[in-house]
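Summary of structural features
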Amino acid sequence: MYAYIIRRILATIPVMAVVAVFVFLLLYLTPGDPAVVIAGDYARPEDIERIREQLGLNRPLYVQFFTWAGNVLSGDLGISIFSNLPVSKLIGQRLEPTLALAICTTIFAIVVAVPLGVLAAWKAHTWVDRVVMIFAVLGFSVPVFVIGYVLMWAFSLSLGWFPVQGYKPLSAGIGPFLSSIALPTLALGLVYVALIARMTRASVMEVLTEDYIRTARAKGVANRTLLMRHALKNASVPIVTIIGVGVALLIGGVVVTESVFNIPGLGRLTIDAVLRRDYPIIQGVILIFSGIYVLVNLLIDLSYTVLDPRIRY
Amino acid sequence: MRLLSTLAKGIGIAAVAAAMLGSASAEKVLRIVPHADLKNVDPIWTTAYITRNHGYMVYDTLFAKDKEGNVQPQMVREYSTSEDGLTWTFTLRDGLKWHDGTPVTSADCIASIQRWGKRDGSGQKLMDFTASMEAVNDKTFKLILKEPYGLVLDSLGKISSNVPFMMRKKDAETDAFTQVTDIVGSGPFKFVADEWVPGSKVVYVKNEDYVPRDEPASGAAGGKVVKVDRVEWVYIPDPATTMNALANGEVDLWETPSPDMLPLMRENPNIVIDVIDPLGTQGWLRMNHLYPPFDNPRVRQAVDMAVNQETYLQAIVGDPSLYKTCKAYLICGTQFASEDGGEPYLNGDIAGAKKILEEEGVMGHKVVLMQPTDIPLLNNASLVTAQVLRDIGFDVDMQAMDWSTLTSRRAEKKPVAEGGWNVFHTYSTGADVQSPIRNIGISGGGVERAWFGWPTDAKMEQLRDDFARSTDLAQQKEIAHAIQLEAFKNTPYVNYGQWYQPMAWRKGLKGVLVSPVPFFWNIELPQ
């Protein structure tokens, strides 16, 4: 097991290296020049060239790459071309809101979706199942920003329960934190509730047709025990897999929610950086994202051994 | 449901209580939503308007323009000119201090003017005419010209980017192409670097040591009296969210409300909407003068004939109370403006334009139009132009891209087939367009000196030079009129209309100043 974990962690290094090379090349081959943006409308060509020289943008691509890679290996993600602030500081400022939103959304989605999915499977082909599935289809179909504005109208402008926008860190207190994160979590979470509920329903329904469930029923096992101990546990591997995929998607998919609710997270940092070609920020954020993605996948793989003792690494 | 409601209320009350505790300690906090995110903090290093606005918070200027557009002394107490017009002497006001407590000196000002003179167009021109600058003592310095120059005060009192902000000598000695890292000014607010979160929030606190002028605030001039303890710029990228935040009282002022949101906001009795920039903004349809078909002035004139400003303004602004058609290159409503020479143009004359294209043999010519899809205003203008160009007989190739890509590509002087371009759109604020010197669009300096698109017009350059040398207002007006006529002859750009950006704020907020630039001194929060 430990050897497997170490192997997996070591395996992340080439993955991240490939991501780094790919991202670097993609960025530098994309049209757009930060020096032109910086120089402004009045700049003369020699001014733009001077800025390019100062930023090191006129050096050969491989030199730029190895300089950047060397700095990254020594823990230095570089300096933002525009704000002149360290990329690590900018990411540090944005990490908490994004992680908070992703974690709260995941918890909310699991707490709501798994019981709904089990219920739908248990009451398959009844009105309960149909209601749950209609809800799931709606969750998939309605864009996050629409849900966001509706929630904002209902709970902020009409009822006055929550603020319209902004993020309060945990250090500001649990009340302000929850208040600021509640609506974004709800807006973003509905998609994942739909996704996990559908997967739970399908997985539990399949397990419910197994022989050992029929045997348990014949032996008079109570419904709750049957569902929770026998059906859900055995159906959990695909559910956990989809939760893992969902978490990874969440990290990258919070951009819209962050924009609608004005949460200063990594998603918005990335979009702003892409629009201005602030290369060091884009590279830094993508490395962080890929690291998180690899870590989440590792945790999911490890959870299989707990959920299904037959799985061994 | 009841449980949910109680829980939500509990969280909400706790949040409100925390906010109240916070506001009690910070007292008067003015929260505004700026038009853009503050990405960099050196207003000489960049021309970005958001950094210019930040500059006005932190730094001060020697001269400033009042709301009528007249240049008034700001940091300067008194100034004089020698009889030959070559030596200008400036004396600073008493009590001027940097935010670190040290006094503002002549040496600081000289270094600041020199750095600004390396980056700004007006500054470069002023430096071309300047023989030397020297400190007489700590508070007095001289600017000695090589020959009389009519725009000394106009340049030093320039209201828009790059504004000649005064910095400490050690900061001003930073290379003009490298950002200043220590933001220490002598202006009415202090920048709180530790609380700056790019992409989210910028914080300023009142500079208690600032000594405002005695005159009432007017435009960028007069007494900069700060009536709040703290100003927070809260950047909210989504217009609908910003509108809701303003309606909910979470922010006090929205600098540039989106036109789509105005009808809804007008229905809210707690929101005031007003235009504070009397000069407005002018749209530019820029053609590449280096390559066919727009290397031919008659073809450019044909496009100018085919454009109907009303169509563009409907597409980009919508509300007729916020725009007007105007044929003045130097923007309507300013002292040098004139619509003369524009009679055949901007009337939507498609038939007339087609005839010219046929005569010039460019009917069906391919035209590459760069379309910046991430800027709605320019995207809409591009769509209108595409239709106009098709209507008159061009084969339009619209190439969608983001603004960053466009700004790089517009600098390409290569032929279209090798990655060049034919047409793009932009706009410029009245504060920049109104002066023949600062209006970079009309420059005819050709491939070496003109702005992207590179028009060549020796007569225009001569007229601009004459304007700069003239020290007589009546003569300057005559030259400006000649510039207007020359512009319609050579069509450096097509002016697709003039519009006015409103500002929105909470009812009860007082003291918002009329100016092309938003200022946050003089503003009082609602009781």
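Residues numbered from 1 in each chain as written. Chains lettered and ligands numbered in written order. Predicted model: local features only at pLDDT ≥ 70, side-chain atom pairs only at ≥ 80, totals over all residues. Heavy atoms only, no water.

Moving on to the overall build of chain A. Along its length, chain A carries 13 helices and 0 strands. Its helices and strands taken in sequence order, chain A reads α-α-α-α-α-α-α-α-α-α-α-α-α from the N to the C terminus. Counting only C-alpha atoms, chain A reaches 85 × 55 × 35 Å along its principal axes. Relative to its 313 residues, chain A shows a buried fraction of 48%. Long-range contacts, defined as pairs at least 24 residues apart, comprise 73% of the intrachain contacts of chain A with a sequence gap of at least 6. Here chain A displays about 14,900 Å² of accessible surface, and carbon together with sulfur accounts for 70% of that area. Across chain A, 24 positive and 17 negative side-chain charges occur, with their mean positions spaced 14 Å apart. (Helix = DSSP H or I, 4+ residues; strand = E, 2+ residues; numbered from the N terminus. Buried < 20%, exposed > 50% of the residue type's maximum accessible area, 1.4 Å probe, protein only. Contact = heavy atoms within 4.5 Å. Areas by Shrake-Rupley, 256 points an atom, 1.4 Å probe, with all protein chains shown as cover. Lys, Arg positive; Asp, Glu negative; His and termini not counted. Charge placed at Lys NZ, Arg CZ, Asp CG, Glu CD.)

Residue and element names in this part refer to chain B. Inspection of every chain in the model, using the stated rule, returns 36 aromatic pairs over all chains. Measuring from centroid to centroid gives 4.4 Å for W284 and Y493, while their planes differ by 25 degrees, and the two rings are stacked. You can see W284 sitting in strand β15 (residues 281-287) and its partner Y493 sitting in the loop between α17 (473-490) and β20 (494-499), a full 209 residues away along the chain. This pair shows no difference in class: W284 is buried, exactly as Y493 is. Summarising the aromatic geometry, the rings of Y329 and Y493 are spaced 5.0 Å apart at their centres and angled 70 degrees between planes, so their arrangement reads as edge-to-face. Of this pair, Y329 sits in the loop between β16 (323-324) and α11 (350-360) while Y493 is found in the loop between α17 and β20, placing the two residues 164 residues apart along the sequence. (Phe/Tyr/Trp six-rings, centres within 6.5 Å; stacked < 30°, edge-to-face > 60°.)

Looking now at the sheet that holds strand β1 (residues 29-33) of chain B. Residue and element names in this part refer to chain B. Spatially, 7 strands are ordered β10-β11-β12-β1-β13-β21-β14 in an open sheet, and the strand pairing comes out mixed. Only two strands of the sheet have a single partner each, and these edge strands are β10 (189-191) and β14 (271-275). Here 2 bridges tie strand β13 (residues 253-254) to strand β21 (residues 502-506), and the two strands are oriented antiparallel to one another. Residue W254 lies in a different strand from β21, and its bridge partner there is A504. Those strands touched by helix α2 (residues 49-58) are β10, β11 (201-206) and β12 (230-234), and its axis lies near 170 degrees from that of β12. (Pairing = 2+ DSSP bridges. Axes fitted to C-alpha atoms, helices over the stretch in contact; angles between N-to-C directions.)

This paragraph deals with the side chain of B:D120. Residues and elements named next belong to chain B. Mapped onto the secondary structure, D120 falls in the loop between α3 (106-119) and α4 (121-129). A polar atom in the side chain of D120 sits 2.9 Å from the backbone nitrogen of S122. If near-sequence neighbours (up to four positions away) are discounted, D120 is found in contact with K158, S161 and N162. (Polar contact = N/O pair within 3.5 Å; in protein donor to acceptor, adjacent residues only side chain to side chain.)

Our focus in this paragraph is the packing of helix α7 (residues 144-158) of chain A against helix α8 (residues 174-208) of chain A. All names here are of chain A. Their axes nearest at 9 Å, the elements α7 and α8 cross at an angle of 145 degrees. For α7 against α8, the interelement crossing comes out right-handed. Judged by residue contacts, V144, I147, G148, L151, M152, F155 and S156 of α7 engage L183, L186, A187, L188, L190 and V191 from α8. Each residue belonging to the contact of α7 with α8 can be placed in one class, and the counts come to 11 nonpolar, 2 polar and no charged. (Left-handed = near helix turned anticlockwise from the far one by under 90°. Nonpolar A, V, L, I, M, F, W, Y, C, P; charged D, E, K, R; others polar.)

Residues and elements named next belong to chain B. Throughout the structure, instances matching the rule amount to 36 salt bridges over all chains. For D154, the salt bridge identified is with R438, shortest N-O distance 3.0 Å. A residue pair is termed long-range when its members are at least 10 positions apart, and D154 in helix α5 (residues 152-156) and R438 in the loop between α14 (430-433) and α15 (446-449) qualify at 284 residues. There is no split in this pair, since D154 and R438 are both buried. Measuring nitrogen to oxygen at the nearest pair gives 3.0 Å for the salt bridge that ties R298 to E359. (Salt bridge = Lys/Arg side-chain N within 4 Å of Asp/Glu carboxyl O.)

For the coordinates displayed, the defined rule picks out 3 cavities of 30 Å³ or more. Taken as a whole, the largest cavity encloses approximately 100 Å³ of empty space. Contributing to the lining of the largest cavity are 14 residues, with A:L269, A:D272, A:D278, A:I281 and B:K39 lying nearest its centre. For the lining of the largest cavity, the elements supplying multiple residues, two or more each, are α5 (87-122) and α12 (266-276) of chain A. (1 Å grid on protein atoms, 1.4 Å probe; cavity = no way out; pocket = protein on both sides within 12 Å on 5 of 7 lines; lining within 4 Å. Points joined across faces, edges and corners; volume = space filled by probe spheres on them.)

On to unusual backbone geometry, then. Residue B:N162 follows B:S161 across a cis peptide bond; omega there is -15 degrees. Mapped onto the elements, B:N162 comes out in the loop between α5 and β9 (165-166). If you check the backbone angles, A:N84 has positive phi at about 65 degrees while not being a glycine. Positionally, A:N84 belongs in the loop between α4 (61-73) and α5.

What follows is about α3(B). Residue and element names in this part refer to chain B. Taking 1.5 Å of rise per residue, 14 residues should cover 20 Å, and α3 covers 21 Å from first to last C-alpha, within 8% of that figure. With 11 of 14 residues buried, α3 lies mostly within the body of the structure. Looking at α3, one finds that the buried residues are S106, D108, C109, I110, A111, S112, I113, R115, W116, G117 and R119. (Expected span 1.5 Å × (residues − 1).)

Turning to the interface of chain A and chain B, a few remarks are in order. Each side of the interface is counted separately: chain A has 46 residues, and chain B has 54 residues. The junction of chain A with chain B conceals about 4,400 Å² of combined surface from both sides, 56% of it contributed by carbon and sulfur atoms. Applying the counting criterion to the chain A and chain B interface returns 3 salt bridges. The shortest N-O distance in the salt bridge between B:D402 and A:R277 comes to 3.0 Å. Counting residues per element, the ones that place at least two in the side of chain A that touches chain B are α2 (34-39), α3 (45-55), α5, α7, α8, α11 (255-260) and α12 of chain A. No other element matches α3(A), which puts 5 residues into the side of chain A that touches chain B. Class assignment for the residues of the side of chain A that touches chain B results in 24 nonpolar, 12 polar and 10 charged. (Buried area = accessible area lost by both parts, 1.4 Å probe.)

All names here are of chain A. Looking at the secondary structure, you find F289 in helix α13 (residues 279-307). Separated by 274 residues in the primary sequence, F289 and V15 place their C-alpha atoms 12 Å from one another. With residues near it in sequence (within four places) discarded, F289 still touches I251, L266 and T270.

Residue and element names in this part refer to chain A. Among the surface-exposed residues, V21, L25, L29 and L61 lie close enough to one another that they form a single nonpolar patch of about 330 Å² accessible area. Ranked by residues supplied to the nonpolar patch, first place goes to helix α1 (residues 2-29) with 3 residues. Relative to the elements of secondary structure, V21 occurs in helix α1. (Patch = residues over 30% accessible without salt bridge, like charges linked within 9 Å, V, L, I, M, F, W, Y side chains within 5 Å.)

Further remarks concern the pairing of strand β8 (residues 140-145) of chain B. Residue and element names in this part refer to chain B. Pairing between strand β6 (residues 87-92) and β8: 5 bridges, direction antiparallel. Bridging from a neighbouring strand, F90 pairs with F141 of β8. Strand direction decides the pairing type here: strand β7 (residues 130-135) and β8, joined by 5 bridges, are antiparallel. Bridge pairing in β8 places S132 opposite I144. Connecting β7 to the next strand, β8, in antiparallel fashion are 4 residues.

Residue and element names in this part refer to chain B. Taken together, 4 strands build an open sheet; the order of strands is β5-β6-β8-β7 and the sheet is antiparallel. In the strand order of this sheet, the two ends are held by β5 (76-81) and β7, each with one partner. Pairwise comparison of adjacent strand axes, ignoring direction, gives a mean angle of 15 degrees for this sheet. Packing of α3 onto the sheet brings it into contact with β6, β7 and β8, and relative to β7 it is tilted by some 155 degrees.

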